[in-house]
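What the coordinates show
Listed here are the chains, written in short residue letters.
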Amino acid sequence: MPSPTTGTTGETSLTTEDFTGHPEVINCLNQLDEAFSKSNRPFIISDVYDDDGNQYVNLVQKGGGVLGIALVGYTYILEKMGIRFIRLAGTSAGAINTALMTVIGEKQDSKSIQILKAICDLNFFNLVDGHPAARSVIKNFITHQDFNAKVSRWFKVIFAIGLILMACDFITLGLQYKFQWIAVVAKISFVFTGLYFLLIGFLAFYSARLFRRLKNAGFGINPGNFFYDWIKQLLIKNGVVKVSDLNRKASTLPKLYLRAENPETLDTLKGDVTFIASELVTQNKIQFPAMCNLFREESKIDTLQPAGFIRASMAIPVFFESYFINNIPNTSAEVKKAWMDTFNEPNPPTEVRFVDGGILSNFPINIFYNPKVRVPRLPSFGIDLDDSKPENKSTNAIHWTITGYLGRMFNTIRYYYDKDFLLKNKFFERGIGKIPLSDYNWLNFFLKDEDKINMFVLGAKAATQFLIDFDWEEYKKGRSQMQVKLAEENVPETTTIKTPNT
Amino acid sequence: MNIPFYISSNGTLFCIVFGVMALTGFIMRLQSRNFYTLHVFVRKFSMLDLEFPVSALELATYIKGIFLLPKELSSRSLRALKGQLYLDFLFIPFVYGTIFLLCMAVSHKMNFVGHSIFTVLAWAQVAPLFCDLIENFYLLQKIRPDAAISKPSVHKAYQLLGKIKWGIASISVASVISTLFYFWLTGNFSYGAISVLSVIIVELIIIYILMRITGNKPTVDLDQYQNIGN
């Protein structure tokens with residue numbers, strides 16, 4: 001496995017200026033300048049601000065594999081407009097961006113350029129660190145749209161060769177008794193048939209071996225070690241070695257002010273960070289680092305590795321190996337209580353296994369919802385990555401293929417948790433910006449530089465449009481009205497493990 | 001006319017060589033059931049994983065992982081792995097000897113070019129034999145708690161040894177068996193060949209019975225080791 005530093009540098013010619021200096025990105029900033037500075041429309045998106053005039057919001061970033069580059073384009077524009085983030089949350093690719101936005105510099109600093117730098121230095125294909133054969137299949141499968149047809153053609157050719165060889169054996173075997181010279185052809189034909197079956201046997205054996213490897217690796221094609229080392233080094237470089245370092249970074253706020261009077265005041269405003277992961281042993285959604293107490297006693301929290309939380313959040317099932325946390329002191333009263341309080345689980349496991357948080361909650365905006373808050377001090381923004389193809393939106397169910405049908409079923413299950421929250425709290429849609437990315441495959445780790453820049457631009461454009469359309473006063477009013485309406489309907493509070501603040 | 005280096009194959013010798021190969025192969029199979037390593041979690045591995053690692057790092061990881069296992073499991077795995085490698089020194093001459101004798105037997109029945117090709121294939125077994133021996137020595141010196149990651153050139157050479165070994169041996173076996181199949185279908189064989197075939201079938205049945213008796217279940221309950229690793 002190449003090291004994250006040596007294996008990535010020099011393999012891409014991209015610089016941060018290629019992204020930020022793109023004419024369309026500059027045009028986005030000009031549009032915002034026109035919409036606010038030049039038109040005298042005040043740019044107010046929150047009541048919370050600091051000494052430098054930065055305005056603060058909460059931010060949720062959706063998961064979506066390599067589409068995460070678009071998230072950086074979006075946050076770049078937000079930061080350029082003086083927006084900073086108090087609470088951050090994300091899943092999978094969203095968790096990666098969230099982590100970097102948390103650890104780089106201080107809350108009041110702009111971070112997108114440094115994140116871009118990390119992306120420029122990263123060869124995405126190194127993240128696919130599995131067996132070369134698996135890498136090759138993934139590469140071909142994702143980058144060649146006609147890969148299925150190609151494989152099908154190959155199978156047909158191999159089958160046809162087998163048929164021809166066996167027919168040749170059959171014919172020459174009989175004819176050699178009439179024409180002696182055909183015996184030579186028959187022998188050659190038999191040898192080739194033997195070699196043909198050797199090849200078939202080899203392919204079958206090799207496939208079985210790859211599958212056994214997959215099984216032994218916990219059904220993950222790629223170990224994910226490269227990613228783990230990459231993110232760990234970035235965390236360490238930014239002073240986050242332990243869980244307590246991460247919590248400190250996430251919670252440290254500059255001196256803040258409230259623009260308008262609010263009964264909540266600033267006292268209850270706390271910064272934090274959340275990465276979502278799906279835990280398979282106890283079948284729960286885990287919010288890192290807040291739920292670390294499920295896996296270690298408070299005094300030993302730092303024996304967990306913060307890079308592991310992000311690795312757990314992005315462990316796309318089958319594509320990456322699962323992430324494990326072992327040696328859970330499941331007999332400790334403190335740990336038992338944590339499990340009981342959080343999941344009503346009297347028998348904590350000794351080992352847990354995580355896969356991508358996206359299978360449960362790919363867009364965890366619900367964790368920022370605090371039903372106790374009547375008038376918000378700051379908005380909760382969300383960045384949605386919309387990669388659904390127009391044909392996927394087809395309601396003509398009879399024409400779906402088997403993969404389309406299975407995909408629909410899986411997506412219905414995995415999206416409904418977040419969708420249900422947004423259906424019941426439609427108001428939150430006002431804080432969500434959607435980046436259209438239907439031209440890109442979320443698992444395409446073989447992106448061209450041009451694609452990376454285009455995704456960044458799409459993120460920047462979506463953020464620009466969102467900021468132009470966003471009205472903080474309307475948002476505040478809508479949020480308050482929603483609260484009143486919910487109180488009247490007596491809707492139960494959403495389950496969260498802490499008291500969020502908006 | 002026989003070409004130089006042609007050796008007439010002997011049925012009795014072939015039965016003995018094949019029998020010893022089958023028996024040592026069976027014992028090695030038993031040993032391989034104890035191959036465990038620790039990488040993230042306790043997992044099984046096979047000799048093929050060591051012969052064809054994805055990278056030099058993977059080979060070192062497999063070996064180091066054995067020493068990271070709990071003491072009892074680590075000793076068991078090491079004993080089995082080293083035992084298999086030592087036994088392999090006995091297995092190697094018999095396995096390639098079997099292929100050598102088969103190639104010579106087929107060569108005897110062929111005319112012209114076929115005779116030469118199979119004689120060459122028979123003597124070509126010397127190459128995989130030496131590759132296998134070198135591979136074994138390399139692995140034996142590599143099995144240590146601080147197994148180093150080999151240099152790219154060394155790892156490439158190691159991979160080449162495996163490819164030569166398996167390539168020559170499997171092409172020879174496939175060619176020989178398909179040609180024998182041809183002779184069988186055309187009825188071009190002696191009564192002595194039927195006796196040899198009968199002995200081989202009996203030997204295979206004995207090995208099969210032994211395999212059934214010893215079972216194929218893992219010798220270790222991995223659940224008891226679920227709480228280690230990472």
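Structure shown above.
Residues numbered from 1 in each chain as written. Chains lettered and ligands numbered in written order. Predicted model: local features only at pLDDT ≥ 70, side-chain atom pairs only at ≥ 80, totals over all residues. Heavy atoms only, no water.

We now examine a nonpolar patch on the surface. Residue and element names in this part refer to chain B. A surface patch of nonpolar side chains, amounting to about 1,200 Å² of accessible area, comprises Phe181, Trp184, Leu185, Tyr191, Ile194, Leu197, Ile201, Ile205, Tyr208, Ile209 and Ile213. Elements with a contribution of two residues or more to the nonpolar patch: helix 7 (152-185) and helix 8 (191-214). Broken down by element, the residue count for the nonpolar patch peaks at eight residues, all from helix 8. Summarising the element assignment, Phe181 is placed in helix 7. (Patch = residues over 30% accessible without salt bridge, like charges linked within 9 Å, V, L, I, M, F, W, Y side chains within 5 Å. Areas by Shrake-Rupley, 256 points an atom, 1.4 Å probe, with all protein chains shown as cover. Salt bridge = Lys/Arg side-chain N within 4 Å of Asp/Glu carboxyl O. Helix = DSSP H or I, 4+ residues; strand = E, 2+ residues; numbered from the N terminus.)

With that settled, the discussion passes to the environment of Asp132 of chain B. Residues and elements named next belong to chain B. Among the secondary structure elements, Asp132 is positioned in helix 6 (residues 126-142). Asp132 sits 33 residues away from Lys165 along the chain, and the two C-alpha atoms are 6.6 Å apart. Sequence-distant contacts of Asp132, that is, excluding residues within four places in its chain, are made with Asp88, Ile92, Tyr96 and Lys165. (Contact = heavy atoms within 4.5 Å.)

Residue and element names in this part refer to chain A. One way to put it is that helix 2 (residues 23-38) packs onto helix 3 (residues 68-80) with a least axis distance of 11 Å and a crossing angle of 40°. Relative to helix 3, the element helix 2 is oriented oblique. Between helix 2 and helix 3 the crossing geometry is right-handed. Along its contact with helix 2, which presents Val25, Cys28, Leu29 and Leu32, the element helix 3 presents Tyr76, Ile77 and Lys80. Along the lines of polarity and charge, the residues of the contact of helix 2 with helix 3 split into six nonpolar, no polar and one charged. (Axes fitted to C-alpha atoms, helices over the stretch in contact; angles between N-to-C directions. Parallel < 35°, antiparallel > 145°, perpendicular 65-115°, else oblique. Left-handed = near helix turned anticlockwise from the far one by under 90°. Nonpolar A, V, L, I, M, F, W, Y, C, P; charged D, E, K, R; others polar.)

Now for the nonpolar core. Of all hydrophobic cores here, the largest spans 118 residues; its most connected members are Ile83, Phe288, Phe295, Phe354 and Leu467 of chain A. Looking at this core, the element that brings in the most residues is helix 14 (residues 449-469) of chain A, giving nine residues. Dropping the residues within four chain positions of it, Phe295 of chain A is found in contact with Ile286, Phe288, Leu304, Ile325, Ile328, Pro329, Trp339, Val352 and Phe354 of chain A. Core analysis: the second largest hydrophobic core is formed by 32 residues, Ala183 of chain A together with Met21, Leu87 and Ala122 of chain B among them. (Core = buried A, V, L, I, M, F, W, Y, C linked by side-chain atoms within 4.5 Å. Buried < 20%, exposed > 50% of the residue type's maximum accessible area, 1.4 Å probe, protein only.)

Contact residues are listed per partner, giving 32 residues for chain A and 33 residues for chain B. Taken over both partners, the interface formed by chain A and chain B buries close to 2,500 Å², and the fraction arising from carbon and sulfur atoms is 54%. At the boundary of chain A with chain B, the tally comes to two salt bridges. Of the charged contacts, one joins Glu321 of chain A and Arg43 of chain B as a salt bridge, the two residues approaching to 3.8 Å between their closest N and O atoms. Among the elements of the structure, helix 8 (182-216) and strand 9 (323-325) of chain A are those that each provide at least two residues to the side of chain A that touches chain B. For the side of chain A that touches chain B, the element with the highest residue contribution is helix 8 of chain A, accounting for 13 residues. (Buried area = accessible area lost by both parts, 1.4 Å probe.)

Now for the pattern of salt bridges. All names here are of chain A. Going through the model one piece at a time under the given rule, you end up with 18 salt bridges over all chains. Between Arg87 and Asp272 there is a salt bridge, with the nearest N and O atoms lying 3.1 Å from each other. Here Arg87, found in strand 3 (residues 83-91), pairs with Asp272, found in strand 6 (residues 272-279); they are 185 residues apart in sequence, far enough to count as distant. Residues Arg87 and Asp272 agree in their burial class; the two are buried.

With that settled, consider the side chain of Ser172 of chain B. Looking at where Ser172 of chain B falls in the secondary structure, it is placed in helix 7. If we ignore the near neighbours within four places in the chain, the residues touching Ser172 of chain B are Ile99, Cys103, Leu121 and Gln125 of chain B.

Summed over all chains, the structure comprises 40 aromatic pairs over all chains. When the ring of Phe125 of chain A is compared with that of Phe446 of chain A, the centres are 4.5 Å apart and the planes differ by 65°; the resulting orientation is edge-to-face. With a gap of 321 residues between them, Phe125 of chain A in the loop between helix 5 (112-120) and helix 6 (132-143) and Phe446 of chain A in the loop between strand 12 (432-436) and helix 14 connect regions that are remote in the sequence. Assessed through its relative accessible area of 14%, Phe446 of chain A is described here as buried. Linked through ring pairs, Tyr74, Tyr369, Phe381, Phe421, Phe427, Phe428, Phe466, Phe470, Trp472 and Tyr475 of chain A together constitute an aromatic cluster. Here Lys109 of chain B stacks its cationic end above the ring of Phe183 of chain B, 5.6 Å away from the centre of that ring. (Phe/Tyr/Trp six-rings, centres within 6.5 Å; stacked < 30°, edge-to-face > 60°. Lys NZ or Arg CZ within 6 Å of the ring centre and 35° of its normal.)

All names here are of chain A. The buried fraction of strand 7 (residues 284-288) is high, at five of five residues. Side chains Asn284, Ile286 and Phe288 of strand 7 all project onto a buried face; the interleaved residues Lys285 and Gln287 project onto the opposite face, where all are buried too. When strand 6 meets strand 7, the two strands line up antiparallel, connected through five bridges. Bridge pairing in strand 7 places Phe275 opposite Phe288. The hairpin formed by strand 6 and strand 7 contains four residues between the paired strands, and Gln283 there has a positive phi angle of roughly 55°. (Pairing = 2+ DSSP bridges.)

This paragraph deals with the side chain of Glu79 of chain A. Residues and elements named next belong to chain A. Looking at the element boundaries, Glu79 is found in helix 3. Within the buried core, Glu79 has no salt-bridge partner, and the shortest N-O distance to an opposite charge, that of Arg84, equals 5.3 Å. The residues contacting Glu79, other than those within four sequence positions of it, are Arg84, Phe85, Met101, Asp109, Ser110, Lys111 and Ser112. (Lys, Arg positive; Asp, Glu negative; His and termini not counted.)

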